[in-house]
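Each chain, written out:
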Amino acid sequence: MKNYRTYTYLSFLNIIFFLTPFTSAHSLEDAINSQDRSPKNVARDQYRNPYKTLSFFEIKQDMKVVELSPGSGWYTEILANYIHSPGMLTAAHFDKNSDRDFYIRMRNNFEKKINENPMYKNVSIVDLSSKLADRETLDAVLTFRNLHNWIGPQIDIILSNAHNALKKGGVLGVVEHRADPGTSLEEMKKTGYVTEAYAIETAKKHGFTLISKSEINANPKDTKNYPRGVWTLPPVLRLKEQDKEKYLNIGESDRMTLLFKKL
């Protein structure tokens, strides 16, 4: 009888263990400090400030989140560690049927990374130009250093789809290389730096309300007048060894950090 009671009690504890949310195990701080992260990615934390940035965007582990154009997955690595059921992370990557070889290569590399690591088991992938998710099902849409790539009709498609997919009260979080006020659209495309005015006006045009701005990712050392635009700076260092130390000392770009909501 004693053994039966012990077995029953242990079984009950196991049920409680599996049903209890792992809040402490998957805290944002734990996700950022996880050994699963690439050391190369961790080295950029000083410029990208993931804890402060994701906290500013009000991201919680049980949210349904879409990350727009995640590239090689710098933020995906953190978000995949952090977001857990009933939350879900969707990466809206380059379209699978793109006619650009670079986009196809990036998408294939990203899919390979996601499929080979169990850390990403709660991550799904959709096309960037898709509807992203069913109407009013998302809690947050995030984009990091991408607006300059979308200037033109594409930005309207992406932000319209994001607005449709977000719930009322849902978040649009934007981090982008910041241009000086008055910079023309052509210069934005050429240099990769975007004005705050353009970012805010474009988001507002698609129904978003600006809630707050932050200087979390500001860099006063960034003069924004380089031979190869923002890509002159790390991590790209497009000039390679030419003036490399100078650009490393500047660090990554000056960035705006904007919080919008669908009200």
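Above this note sits the structure.
Below: a short report on this structure.

Turning next to the packing of aromatic side chains. The full count for this structure, using the stated rule, is 8 aromatic pairs. Measuring from centroid to centroid gives 4.0 Å for Phe-94 and Tyr-103, while their planes differ by 10 degrees, and the two rings are stacked. A relative accessible area of 15% means that Phe-94 is categorised as buried. An aromatic cluster is defined as three or more aromatic residues linked by ring pairs; in this entry it consists of Phe-56, Phe-57, Trp-74, Tyr-75 and Phe-144. Taking the ring centre of Trp-74 as reference, the NZ or CZ of Arg-37 above it sits at 5.2 Å. Sitting over the ring of Tyr-103, Arg-100 keeps its end group 4.5 Å from the ring centre.

The next subject is the sheet that holds strand E1 (residues 64-68). With respect to topology, 7 strands assemble into an open sheet ordered E3-E2-E1-E4-E5-E7-E6, the strand pairing being mixed. Unpaired on one side and paired on the other, strand E3 (123-127) and strand E6 (209-214) mark the two borders of the sheet. The average angle at which neighbouring strand axes cross in this sheet is 20 degrees, direction not considered. Alignment of strand E5 (residues 166-177) against strand E7 (residues 255-261), held across 7 bridges, turns out to be antiparallel. Its bridge partner being in E7, Val-175 is matched across the sheet by Thr-257. Packed onto the sheet, helix H7 (residues 101-116) meets strand E2 (88-93) and E3 and runs at close to 165 degrees relative to E3.

Right, let's get into H7. Taking 1.5 Å of rise per residue, the 16 residues of H7 would be expected to cover 22 Å, and the 22 Å separating its terminal C-alpha atoms lies within 8% of that figure. Looking only at H7, the buried set comprises Arg-107, Phe-110, Glu-111 and Ile-114. Buried residues in H7, looked at end-on, bunch into an arc of 100 degrees, giving them a common side. Residues of H7 that are exposed and point over 90 degrees away from its buried face: Asp-101 and Glu-116.

This part is about the pairing of strand E4 (residues 138-144). Taking burial as the measure, the 7 residues of E4 include 7 buried ones, the bulk of the element. As paired elements, E1 and E4 share 4 bridges and run parallel to each other. By the bridge assignment, Val-66 is partnered in E4 with Val-141. Bridge count for E4 against E5 is 6 bridges, and the pairing is parallel. Each bridged residue has a counterpart across the sheet, and for Phe-144 the counterpart in E5 is Val-175.

Once that is clear, we can look at the side chain of Thr-90. With respect to the helices and strands, the residue Thr-90 is situated in strand E2. Assessed through its relative accessible area of 7%, Thr-90 is described here as buried. Within the structure, the side chain of Thr-90 is placed 3.1 Å from the side chain of Ser-124, a separation counted as a polar contact. Among all residues touching Thr-90, those that are not within four sequence positions of it are Val-65, Val-66, Glu-67, Ser-124 and Val-126.

Along the chain, Glu-136 turns up in the loop between E3 and E4. Residue class for Glu-136 comes out partly exposed when judged on its relative accessible area of 35%. Between the alpha carbons of Glu-136 and Gly-173 there is a distance of 17 Å; along the sequence they are 37 residues apart. Excluding anything up to four places from it in sequence, Glu-136 contacts Asn-164, Ala-165, Leu-166, Lys-167, Lys-168 and Lys-262.

Moving on to the environment of Leu-258. Within the secondary structure, Leu-258 sits in strand E7. Considering only alpha carbons, one finds Leu-258 and Glu-245, 13 residues apart in sequence, at a separation of 30 Å. Beyond its immediate chain neighbours, meaning those up to four positions away, Leu-258 contacts Phe-56, Phe-57, Leu-172, Gly-173, Val-174, Ala-199, Ile-200, Leu-210, Ser-212 and Lys-213.

By the element assignment, Thr-257 lies in strand E7. Within the structure, Thr-257 has its side chain in polar contact with the side chain of Asn-217 (distance 2.9 Å). With residues up to four places along the chain from it excluded, the contact list for Thr-257 reads Thr-53, Phe-56, Phe-57, Val-174, Val-175, Ser-212, Lys-213, Ser-214 and Asn-217.

Time to look at the pairing of E1. Extensive coverage of E1 is indicated by the burial of 4 of its 5 residues. Relative to E2, E1 is paired through 5 bridges, and the arrangement is parallel. Looking at E2, one finds that Glu-67 is bridged to Ala-91. The β-α-β motif built from E1, the intervening helix H6 (residues 74-82) and the parallel element E2 has right-handed crossover chirality.

Conventions we followed
- Residues numbered from 1 in each chain as written.
- Predicted model: local features only at pLDDT ≥ 70, side-chain atom pairs only at ≥ 80, totals over all residues.
- Heavy atoms only, no water.
- Phe/Tyr/Trp six-rings, centres within 6.5 Å; stacked < 30°, edge-to-face > 60°.
- Buried < 20%, exposed > 50% of the residue type's maximum accessible area, 1.4 Å probe, protein only.
- Lys NZ or Arg CZ within 6 Å of the ring centre and 35° of its normal.
- Pairing = 2+ DSSP bridges.
- Helix = DSSP H or I, 4+ residues; strand = E, 2+ residues; numbered from the N terminus.
- Axes fitted to C-alpha atoms, helices over the stretch in contact; angles between N-to-C directions.
- Contact = heavy atoms within 4.5 Å.
- Expected span 1.5 Å × (residues − 1).
- Arc of directions from axis to C-beta.
- Polar contact = N/O pair within 3.5 Å; in protein donor to acceptor, adjacent residues only side chain to side chain.
- Right-handed = clockwise from strand over helix to strand, strands pointing away.

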